[in-house]
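Here's the letter readout for the chains.
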Amino acid sequence: MSWCDSVQEPRILVAPDPGTDGNGLGQMISLRHPKSGNATQYLFVNGMLQELQWFKNLYGSWFLGDYITEDGRMYLSTPIDPVFIMLPIFEEARMKKGDDLGRFRQLDEILFIDGYPGYMQLMSVVENCMLVVSEVKEIGSSKFFRLDDSKVLRWLCYKVCQLKQTLPKLDKNYAVQSEKDTLIDAVSILGEYLKEKPWLQLLCDHLKLNILEVTGKAQVNAEESNPGLRNELQEQSNDKKATTAKKGRQAKKVKLETESHNIKDMFSRASRKKN
Amino acid sequence: MFTKLGGLSLEPKSVPPPKRTGWIGRGNCHMEKATIDLKRDGKDLSGRVHQLPCCVKHDGPASVSHYFKPKHKGVGEDEGLPLQEAHFRGRLLQGTTLPLPHGYSGFVLSKSSPPTSDENSHSWDTKATFQDITYWNHDYSPSQNDELFRAFHWLTVAKALHNPVTPEELASSSVTL
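Thresholds, definitions, all that
Starting afresh in each chain, residues are numbered from 1 along the sequence in its written order. Labels are handed out in written order, letters beginning with A for the chains and numbers beginning with 1 for the ligands. Local features are withheld for residues below a pLDDT of 70 in this predicted model, meaning they are given only at 70 or higher, and side-chain atom pairs are given and counted only at 80 or more; totals for whole chains, interfaces and linings count all residues. Remark: hydrogens and water are excluded; side-chain values derive from all non-hydrogen atoms of the structure. Segments assigned H or I by DSSP are reported as helices when at least four residues long, segments assigned E as strands when at least two residues long, and all are numbered from the N terminus. Here the term buried applies to any residue with accessible area under 20% of the maximum for its type, exposed to any over 50%, and partly exposed to those in between, with areas from a 1.4 Å probe on protein chains only. Should any heavy atoms of two residues lie within 4.5 Å, those residues are counted as being in contact. Calculation of accessible area relied on Shrake-Rupley with a 1.4 Å probe; when residues are assessed, cover is drawn exclusively from the protein chains displayed. Along the chain, pLDDT gives the predictor's confidence residue by residue, from 0 to 100. Each axis is a line fitted through C-alpha atoms, and for a helix only the stretch in contact is used; angles between axes span 0 to 180 degrees, taken between their N-to-C directions. When describing relative orientation, an angle under 35 degrees is termed roughly parallel and one over 145 degrees roughly antiparallel, while 65 to 115 degrees is termed roughly perpendicular and anything else oblique. Handedness of each helix crossing follows the sense of rotation of the near helix against the far helix: counterclockwise by less than a right angle gives left-handed, clockwise gives right-handed. Residue polarity follows a fixed list, in which Ala, Val, Leu, Ile, Met, Phe, Trp, Tyr, Cys and Pro are nonpolar, Asp, Glu, Lys and Arg are charged, and the others, Gly among them, are polar. Any Lys or Arg side-chain nitrogen found within 4 Å of a carboxyl oxygen on Asp or Glu counts as a salt bridge. By this definition, two strands are paired if DSSP reports at least two bridges between them. Pairs of N or O atoms are called polar contacts if they sit within 3.5 Å, as long as, within protein, a hydrogen donor faces a hydrogen acceptor (for residues adjacent in sequence, only side-chain-to-side-chain pairs). In this description, a nonpolar core means a group of buried Ala, Val, Leu, Ile, Met, Phe, Trp, Tyr and Cys residues linked to one another through side-chain atoms lying within 4.5 Å.

Looking only at helices and strands, one finds eleven helices and ten strands in chain A. Taking all 275 residues of chain A together, the buried fraction comes to 54%. Long-range contacts, defined as pairs at least 24 residues apart, comprise 55% of the intrachain contacts of chain A with a sequence gap of at least 6. For chain A, the computed accessible surface area is about 12900 Å², with 50% contributed by carbon and sulfur atoms.

Further remarks concern unusual backbone geometry. Residues and elements named next belong to chain A. Located in the positive-phi region is Asn46, a residue other than glycine, with phi close to 50°. Assignment of secondary structure puts Asn46 in the loop between strand 3 (39–45) and strand 4 (48–57). Residue Lys208 is not a glycine yet carries a positive backbone phi of 55°. Here Lys208 lies in the loop between helix 8 (196–206) and helix 9 (211–215). You can call Lys208 exposed: its relative accessible area is 74%.

Per-residue confidence for chain A averages 78 on the pLDDT scale, and 77% of its residues sit at or above 70. pLDDT under 50 marks residues 218–275 of chain A. Its contacts with residues more than four places away, or in other chains, come to 124 contacts.

Here the focus is the confidence of the model for chain B. Across chain B, the average pLDDT comes to 77, with 72% of residues at or above 70. Put simply, strand 1 (residues 8–9) of chain B is where chain B has its lowest mean pLDDT, 32, and strand 13 (residues 132–137) of chain B is where it has its highest, 94.

This next bit is on the packing of helix 5 (residues 149–166) of chain A against helix 7 (residues 179–190) of chain A. Residues and elements named next belong to chain A. The interhelical angle for the contact between helix 5 and helix 7, taken along N-to-C directions, is 125°, at an axis separation of 9 Å. Taken together, the axis directions place helix 5 and helix 7 in an arrangement best described as oblique. Considering the relative orientation of helix 5 and helix 7, their crossing is right-handed. For the pair helix 5 and helix 7, contact is made by Leu156, Lys159, Val160, Leu163 and Lys164 and by Glu179, Thr182, Leu183, Ala186, Val187, Ile189 and Leu190, respectively. Taken together, the residues of the contact of helix 5 with helix 7 break down into eight nonpolar, one polar and three charged.

The subject of this paragraph is the pattern of salt bridges. All names here are of chain A. Applying the stated criterion across every chain yields a total of 13 salt bridges over all chains. Residue Arg73 pairs with Asp71 through a salt bridge whose shortest N-O separation is 3.4 Å. Owing to a relative accessible area of 11%, Arg73 belongs among the buried residues under this scheme. For Asp71, a relative accessible area of 23% gives the class partly exposed. Several salt bridges converge on common partners, so that one network encompasses Glu91, Arg94 and Asp149.

Residue and element names in this part refer to chain A. Here we have three strands laid out as an open sheet, ordered 8-10-9, and antiparallel in their pairing. In this open sheet, the two edge strands, each paired with only one partner strand, are strand 8 (105–106) and strand 9 (134–139). Two elements, strand 9 and strand 10 (residues 142–147), share six bridges in a ladder whose sense is antiparallel. Within strand 10, the residue paired with Glu138 across the bridge is Lys143. Relative to the sheet, helix 1 (residues 82–93) contacts strand 8, strand 9 and strand 10, its axis offset from that of strand 10 by approximately 100°.

Strand order in this open sheet of eight strands is 7(B)-6(A)-5(A)-5(B)-13(B)-10(B)-9(B)-8(B), and the pairing throughout is mixed. Strands at the two margins of the open sheet, each flanked by one partner only, are strand 7 (60–61) and strand 8 (71–75) of chain B. As paired strands, strand 5 (residues 49–52) of chain B and strand 13 of chain B are joined by two bridges and run parallel to one another. Looking across to strand 13 of chain B, one finds that B:His50 is bridged to B:Thr134.

Turning to the environment of A:Arg32, a few remarks are in order. Residues and elements named next belong to chain A. Checked against the element boundaries, Arg32 lands in strand 2 (residues 25–32). Taking the relative accessible area as the measure of exposure, Arg32 reaches 24% and is therefore partly exposed. Between the alpha carbons of Arg32 and Ile89 there is a distance of 9.0 Å; along the sequence they are 57 residues apart. A distance of 3.5 Å separates a polar atom in the side chain of Arg32 from a polar atom in the side chain of Glu92.

Attention now moves to the nonpolar core. Ranked by internal contacts, the top residues of the largest apolar core, which has 91 residues, are A:Met74, A:Met130, A:Trp155, A:Val187 and B:Ile133. Among all residues touching A:Met130, those that are not within four sequence positions of it are A:Val83, A:Met86, A:Phe90, A:Phe145 and A:Leu147. Listed in part, the 14 residues of the second largest apolar core include A:Ala15, A:Leu43, A:Leu52 and B:Ile36.

Right, let's get into the environment of A:Val187. Residues and elements named next belong to chain A. Here Val187 lies in helix 7. On the basis of relative accessible area, Val187 is assigned to the buried category, the value being 0%. Sequence separation of Val187 and Thr215 is 28 residues, and the distance between their C-alpha atoms is 9.2 Å. What Val187 contacts, discounting residues up to four positions off in sequence, is Val160, Leu200, Leu203, Cys204, Leu207, Leu209 and Val214.

Structure below.
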């Protein structure tokens with residue numbers, strides 16, 4: 001029997017290799033998106049939280065061996081640092097008012113969110129990862145957590161540093177950018193996971209950046225030839241239309257017409273001939 | 001050639017602004033309440049996964065390998081990409097094969113009928129795996145500025161952005177911006 005005999009609604013997924021030690025069985029869980037607060041699907045597999053994104057050319061289909069699938073979409077699943085997901089949850093949980101530092105809370109209290117049972121599944125992961133941005137008090141066998149602004153800021157700066165080192169290695173376009181542009185790119189990528197207030201604003205203030213440079217970068221880049229990743233990371237809007245990814249190809253030299261035709265014309269003609 | 005596959009439609013699912021040829025979405029992946037079984041024991045399709053620059057109105061088996069025969073055409077002058085050529089419906093396509101980054105695999109998932117009565121609950125099983133993707137352009141040579149190349153940039157960026165940090169690492173790092 002061929003592998004494709006029983007295929008139903010195929011999906012093409014590129015994901016971290018499950019390896020030999022894990023069983024590869026993943027669970028889709030619904031969590032709030034850390035920036036928008038909207039319900040968003042994440043993949044939890046082998047104790048690792050992953051975010052799903054999809055890429056689609058305007059026109060595309062797949063040949064998969066001797067099988068064809070019309071939908072040219074490709075899903076990408078990449079690990080996500082759970083701290084991003086938990087920041088708004090821990091921020092709400094401490095019930096901070098003004099200069100008051102807020103309350104210490106137990107994890108099961110923090111992670112009990114009505115309508116989102118998925119958070120409870122992350123209990124063991126969260127306990128370890130949130131130490132980096134929280135103050136922790138132990139009373140007996142119980143641990144109490146409270147988000148710490150200075151630790152969060154230090155953690156965010158560390159992430160910016162990592163991105164600043166990585167972006168210039170991606171391609172020539174990034175390599176020739178000024179250091180400030182690379183910094184703005186790094187912060188705007190980070191900004192895809194952060195609410196503007198308090199964290200993105202706090203980070204921009206610390207780095208002496210105007211927040212409008214960061215949040216407005218996506219619109220500006222649409223007019224420029226220098227590509228950036230921000231548009232590629234936009235969350236899907238509620239009407240399920242996805243935001244467009246930047247084309248990023250260098251402007252082509254104008255060629256003289258020599259009986260060349262647009263691919264759209266050619267393929268639509270081919271379709272009409274057939275009918 | 002490929003006359004049994006049905007017509008080619010070039011209507012996108014939703015109309016993006018002009019001058020853009022691809023788009024990316026996050027999170028809403030039509031796999032709600034699902035389990036996904038990522039296994040490495042499916043059929044290995046490496047070298048046989050092709051992303052076409054047109055929409056083929058067909059889902060199902062077809063004699064692809066009988067008709068679609070890519071040929072290696074050496075290395076591109078500008079960027080050193082290994083180039084391939086193939087014909088589809090008489091149109092010349094130019095392509096290149098991208099190996100998946102280290103630590104990643106490709107999976108062809110298929111929806112299984114829900115074992116429970118919950119209609120919204122599904123499981124997705126691995127039917128095949130792959131380690132590379134060949135993508136095809138119609139009227140221009142493959143380039144590192146192509147959308148698929150740039151989509152894979154995200155895997156590199158995600159590693160830098162989402163690598164977990166321990167309190168010890170943070171304390172010992174000298175974060176200089």
